[in-house]
Amino acid sequence: MKTILENNYSFAQQLIIATVSVFFGYHFYQEIVSPEQSQLTLSIMLVVITYFLINKYGARPKKKNI
């Protein structure tokens, strides 16, 4: 909870990660059950873009100097 209060992007990042995970999981399931309806490459691209954006904007709070 303290991390969410110190980092303004933390809650949004967690929400985006959860949404992308659900999207990827659904398309991974579709790849197993019916491959002709799957859009797995689209979901993999979304996971990669999310990874780079989270790394760029940082998931760690800024450290305070004592």
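Structure's up top.
All values derive from a computational prediction rather than experimental measurement.

**A short note on the overall build of the protein**
Helix and strand content of the protein: three helices and zero strands. Reading the protein from its N end, one meets helices and strands in the order α-α-α. Looking at the 66 residues of the protein, the share that counts as buried comes to 20%. Total accessible area on the protein is roughly 5800 Å²; 66% of this is exposed by carbon and sulfur atoms.

**With respect to helix 3 (residues 40-57)**
Its 18 residues give helix 3 an end-to-end C-alpha distance of 26 Å, which sits within 8% of 26 Å, the value for a rise of 1.5 Å per residue. Residues Leu40, Ser43, Thr50 and Ile54 constitute the buried set of helix 3. What you see down the axis of helix 3 is that its buried residues fit within an arc of 80°, all on one side. Facing away from the buried side of helix 3 by over 90 degrees, the exposed positions are Thr41, Phe52 and Lys56. Buried residues in helix 3 make contact with helix 2 (10-33).

**Here we look at the packing of helix 2 against helix 3**
It is the contact of helix 2 with helix 3, at a shortest axis distance of 9 Å, that shows an interaxial angle of 160°. Relative to helix 3, helix 2 is oriented roughly antiparallel. For helix 2 against helix 3, the interelement crossing comes out left-handed. Two secondary-structure elements touch here, helix 2 through Gln13, Ile16, Ile17, Val20, Phe23, Phe24, His27, Phe28 and Glu31 and helix 3 through Leu40, Leu42, Ser43, Ile44, Leu46, Val47, Thr50, Ile54 and Tyr57. Split into classes, the residues belonging to the contact of helix 2 with helix 3 amount to 13 nonpolar, four polar and one charged.

**Focus: a nonpolar patch on the surface**
Together, Phe28, Tyr29, Ile32 and Val33 line one region of the surface with nonpolar side chains, adding up to about 440 Å² of accessible area. Turning to its location among the elements, Val33 is positioned in helix 2.

The rules we used
Residues numbered from 1 in each chain as written. Predicted model: local features only at pLDDT ≥ 70, side-chain atom pairs only at ≥ 80, totals over all residues. Heavy atoms only, no water. Helix = DSSP H or I, 4+ residues; strand = E, 2+ residues; numbered from the N terminus. Buried < 20%, exposed > 50% of the residue type's maximum accessible area, 1.4 Å probe, protein only. Areas by Shrake-Rupley, 256 points an atom, 1.4 Å probe, with all protein chains shown as cover. Expected span 1.5 Å × (residues − 1). Arc of directions from axis to C-beta. Contact = heavy atoms within 4.5 Å. Axes fitted to C-alpha atoms, helices over the stretch in contact; angles between N-to-C directions. Parallel < 35°, antiparallel > 145°, perpendicular 65-115°, else oblique. Left-handed = near helix turned anticlockwise from the far one by under 90°. Nonpolar A, V, L, I, M, F, W, Y, C, P; charged D, E, K, R; others polar. Patch = residues over 30% accessible without salt bridge, like charges linked within 9 Å, V, L, I, M, F, W, Y side chains within 5 Å. Salt bridge = Lys/Arg side-chain N within 4 Å of Asp/Glu carboxyl O.

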